[in-house]
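# Chain and residue survey
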Amino acid sequence: MTDKIVILTGAGISAESGLGTFRDEDGLWTRYDLEEVATPEGFARNPGFVHEFYNARRANCARAEPNAAHAALARLERDHPGEVVIVTQNVDDLHERAGATRVIHMHGALSGALCAACDHRWPAPHVMQTADPCPACATPATRPDVVWFGEIPYHMDEIMNHLATCTRFAAIGTSGEVYPAAGFVQLASDAGAHTVELNLDPSSVVSSFSETWPGPATQVVPDWVASLLR
Ligand code: APR
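Residues numbered from 1 in each chain as written. Predicted model: local features only at pLDDT ≥ 70, side-chain atom pairs only at ≥ 80, totals over all residues. Heavy atoms only, no water.

The test is simple: UniProt positions are given in the numbering used here, feature names are shortened, and annotations may be inferred rather than shown by experiment.
With an unreviewed UniProt entry as reference, the protein chain is termed NAD-dependent protein deacylase, source organism Aquicoccus porphyridii. Heading Function (unreviewed entry) of the UniProt record for the protein chain holds this comment: "NAD-dependent lysine deacetylase and desuccinylase that specifically removes acetyl and succinyl groups on target proteins. Modulates the activities of several proteins which are inactive in their acylated form." Heading Subcellular location (unreviewed entry) of the UniProt record for the protein chain holds this comment: "Cytoplasm".

See the structure below:
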């Protein structure tokens, strides 16, 4: 049976690229009220403020560079004989810019725009505002194509299929605080996969993993990838 590796990533893999995490000491949710900037209700109340929040994150992302952890995962995808699929909770494009090609964005992406009126999708402008007319229906209802709290994550059927058929599951840089992603380790384990957590601090679901590699992603991820490619 060829090795099939599913890798879940969270904000921690992009922390050393200068992009903030959410729940660490200086995390985004310590500076912003997620109800105001990461819910459909918050967007309906004040779309301009939500656009300011995501325009700033889009600018930060454009200035950031992929780090050694992103590069190591791209190398694993390229050099590993079996299948490698990255399922990311992140909305940045650092996996792709590091060379990864099989990346599933379950929480959407800053690079996408979505029409709240007709669900049309198109590449996001650097600076987005609600008044931008939808290219398809012309309604001024433009929003970031990201998944907010209370909305259904993207590509879940495909993700469930990967988890049911993987032989190895790794979670990198995620606190295990948000479902359904936090439950992926149990699904992979139930499918008989070997499970590994690579994280700066133990996540809320660390006890569900067979193996842990504690430390900063730019150190532990290249070491872990090297151990698989030996
Ligand atoms: N290397 C490895 N892990 C790190 C590093 C690092 N340099 N820095 C931080 N971490 C770890 C932290 O220990 C923490 O466990 O990354 C994790 C970040 O956790 P969160 O801030 O909760 O981010 P994440 O798990 O991605 O959040 C999940 O919550 O708010 C929603 O949609 C948002 O996708 C996000 C989801």
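## As for the nonpolar core
Here is the rule we go by: Only buried residues count toward a nonpolar core, which is a set of Ala, Val, Leu, Ile, Met, Phe, Trp, Tyr and Cys residues joined through side-chain atoms within 4.5 Å. Exposed residues in this analysis have more than 50% of their type's maximum accessible area, buried residues have under 20%, and partly exposed residues fall in between, with area computed by a 1.4 Å probe over protein chains only. Secondary structure elements follow DSSP: runs of H or I of four or more residues count as helices, runs of E of two or more count as strands, with numbering from the N terminus. Only heavy atoms matter for contacts: two residues are in contact if any of them lie within 4.5 Å across the pair.
Judged by nonpolar contacts, the single largest core of 21 residues is most densely connected at I7, L73, L76, I172, L198, V221 and W224. Elements represented by at least two residues in this core include exactly β1 (4-9), α6 (68-79), β2 (83-88), β7 (168-172), β8 (194-199) and α10 (217-229). Once residues within four sequence positions are removed from consideration, I172 is found in contact with I7, L8, T9, G10, I13, L73, L198, N199, A217 and V221. Judged by nonpolar contacts, the second largest core, of 19 residues, contains M106, C166, F169 and A188.

## Quick notes on the packing of aromatic side chains
Spelled out, the test is: Put simply, two rings from Phe, Tyr or Trp (the six-membered ring, in Trp's case) pair if the centres are within 6.5 Å, and we call them stacked under 30 degrees between planes, edge-to-face over 60, tilted for the rest.
Scanning the model with the defined rule gives nine aromatic pairs in all. Centre to centre, the rings of Y32 and F49 are 6.4 Å apart; their planes meet at 45°, and the pair counts as tilted. Of this pair, Y32 sits in the loop between α2 (28-31) and α3 (34-37) while F49 sits in helix α5 (residues 47-63), placing them 17 residues apart in sequence. Measuring from centroid to centroid gives 5.3 Å for F43 and W148, while their planes differ by 40°, and the two rings are tilted.

## A few points about the pairing of β1
Condition: Between any two strands, at least two bridges found by DSSP are needed for them to pair.
Here β1 lies mainly inside the structure; six of its six residues are buried. Side-chain alternation along β1 places K4, V6 and L8 on one buried face and I5, I7 and T9 on a second face that is also buried. Two elements, β1 and β2, share six bridges in a ladder whose sense is parallel. Bridging from a neighbouring strand, L8 pairs with V87 of β2. Bridge count between β1 and β7: five bridges; the pairing is parallel. When the sheet's bridge partners are listed, I5 is paired in β7 with R168.

## Considering the packing of α6 against α10
Here is the rule we go by: Between N-to-C directions, angles span 0 to 180 degrees; the directions come from axes that are lines fitted to C-alpha atoms, helices contributing only their stretch in contact. Roughly parallel means an angle under 35 degrees; roughly antiparallel, over 145; roughly perpendicular, 65 to 115; everything else is oblique. Helix crossings get a hand from a simple test, with the near helix turned counterclockwise from the far one by less than a right angle marking a left-handed crossing and a clockwise turn marking a right-handed one.
At a minimum axis distance of 8 Å, the contact between α6 and α10 shows a crossing angle of 15°. One element, α6, and the other, α10, form an angle in the roughly parallel class. For the pair α6 and α10, the crossing hand works out as left-handed. Side by side, α6 and α10 meet where A68, A69, A72, L73, R75, L76 and D79 of the first sit next to A217, T218, V221, P222, W224, V225, L228 and L229 of the second.

## Observations regarding a negative patch on the surface
The condition that has to hold: Like charges are joined within 9 Å and nonpolar side chains (Val, Leu, Ile, Met, Phe, Trp, Tyr) within 5 Å, but only among residues with over 30% relative accessible area and no salt bridge; these make up the patches. Note on areas: Shrake-Rupley with a 1.4 Å probe; residue coverage comes only from the protein chains shown. By definition here, a salt bridge exists when the distance from a side-chain nitrogen of Lys or Arg to a carboxyl oxygen of Asp or Glu is within 4 Å. None of His or the chain ends enter the tally, which takes Lys and Arg as positive and Asp and Glu as negative. For this purpose, a charge sits on NZ of Lys, CZ of Arg, CG of Asp or CD of Glu.
On the surface, D24, E25, D26 and D201 cluster together into a patch of negative charge. Within the fold, E25 resides in the loop between α1 (12-15) and α2. Using a relative accessible area of 81% as the deciding quantity, one classes E25 as exposed.

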